[in-house]
Amino acid sequence: MTALILYLLLWLSDNRNFDSITKSNERKVGAERYFEQKQYGKAAELYRQIAYGSMFSEPSARLNMAHSYFLAGKYKQALPQYKLLTKVSDKQLASVAHVQSALIYVSGTDTASVLLNLKEALRLNPGNDKARIDYTILKNSFSGMVPKQSAINEKKKETTQNE
């Protein structure tokens, strides 16, 4: 019962008046408009205001903020947001956040982190085809296995004999 009262008080303090709700809705509409117009920096700022303007903001607002930062090329701002989203209970959203984190890590040539994030994205959402394709390509390309010199020499011999 105490938890219910505490939750109610927090909710009331977060939603003091209708003016704040109206401003939040205006920010959402504005952010979506900026995003559609490919003005990602402005969209990111409005999504940031939405995400940090309430104790009970939806994870989708943070995801949209992270996407806006990502598309604006602000990877250092996008990555922490994606990392926070990897911990949400919505597995599909967390899976998307892992894939996006992997894309940022691949630009920094951190293939180990890329593979870990893609693997986790697949664990959370086995139907994530983008993660599956990227994981398969990277795993085959960067398996960490160096071909043995004898195998390379045998292939060279085969190609010279066939010519």
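Structure report, in brief. (Residues numbered from 1 in each chain as written. Predicted model: local features only at pLDDT ≥ 70, side-chain atom pairs only at ≥ 80, totals over all residues. Heavy atoms only, no water.)

What follows concerns the overall build of the chain. Counting its secondary structure elements, the chain contains nine helices and zero strands. Taken from N to C terminus, the helices and strands of the chain fall in the order α-α-α-α-α-α-α-α-α. By residue count, 30% of the 163 residues in the chain fall in the buried class. Considering only contacts in the chain between residues 6 or more positions apart, those separated by 24 or more positions represent 39%. When the accessible surface of the chain is split by element, carbon and sulfur atoms take 57% of a total near 11300 Å². (Helix = DSSP H or I, 4+ residues; strand = E, 2+ residues; numbered from the N terminus. Buried < 20%, exposed > 50% of the residue type's maximum accessible area, 1.4 Å probe, protein only. Contact = heavy atoms within 4.5 Å. Areas by Shrake-Rupley, 256 points an atom, 1.4 Å probe, with all protein chains shown as cover.)

A separate point is a nonpolar patch on the surface. Residues M1, L4 and I5 make up a contiguous nonpolar surface patch of roughly 370 Å² in combined accessible area. Tracing the backbone through its elements, the reader meets I5 in helix 1 (residues 2-14). (Patch = residues over 30% accessible without salt bridge, like charges linked within 9 Å, V, L, I, M, F, W, Y side chains within 5 Å. Salt bridge = Lys/Arg side-chain N within 4 Å of Asp/Glu carboxyl O.)

Let us look at the environment of K28. Within the secondary structure layout, K28 lies in helix 2 (residues 18-36). Counting along the chain gives 15 residues from K28 to A43, while the straight-line C-alpha distance between them is 9.1 Å.

Our next topic: the pattern of salt bridges. The full count for this structure, using the stated rule, is three salt bridges. The closest approach of N and O atoms between R48 and E45, which form a salt bridge, is 2.8 Å. Taken together, the residues R48 and E45, both in helix 3 (residues 40-52) and three residues apart, mark about one turn of the helix. Looking at R48, the relative accessible area reads 32%, which means it is partly exposed. A residue is classified by how much of its surface remains accessible, and E45, at 32% relative accessible area, is partly exposed. The partner of E120 in a salt bridge is R123, with the nearest N and O atoms 2.5 Å apart. You can see E120 and its partner R123 sitting in helix 7 (residues 111-124), three residues apart, about one turn around the helix.

Here the focus is the side chain of T86. The topology assignment puts T86 in the loop between helix 5 (75-85) and helix 6 (91-107). Of note is the side chain of T86, whose polar atom sits 2.5 Å from the backbone oxygen of K83. If sequence neighbours within four positions are ignored, T86 has contacts with A94, A97 and H98. (Polar contact = N/O pair within 3.5 Å; in protein donor to acceptor, adjacent residues only side chain to side chain.)

Y47, A78, Y82, I104, V114, L118 and A131 are the most contacted members of the largest nonpolar core, which has 31 residues in total. When contributions to this core are tallied by element, the ones reaching two or more residues are helix 3, helix 4 (59-71), helix 5, helix 6, helix 7 and helix 8 (129-141). Setting aside anything within four residues of it in sequence, one finds Y82 in contact with L63, A66, H67, F70, A97, Q100, S101 and I104. (Core = buried A, V, L, I, M, F, W, Y, C linked by side-chain atoms within 4.5 Å.)

Taking 1.5 Å of rise per residue, 13 residues should cover 18 Å, and helix 8 covers 18 Å from first to last C-alpha, within 8% of that figure. Here helix 8 has its buried residues at A131, D134, Y135 and L138. Seen end-on, helix 8 carries its buried residues on one side only, within an arc spanning 105°. Opposite the buried face of helix 8, at more than 90 degrees from it, the exposed residues are I133 and N140. (Expected span 1.5 Å × (residues − 1). Arc of directions from axis to C-beta.)

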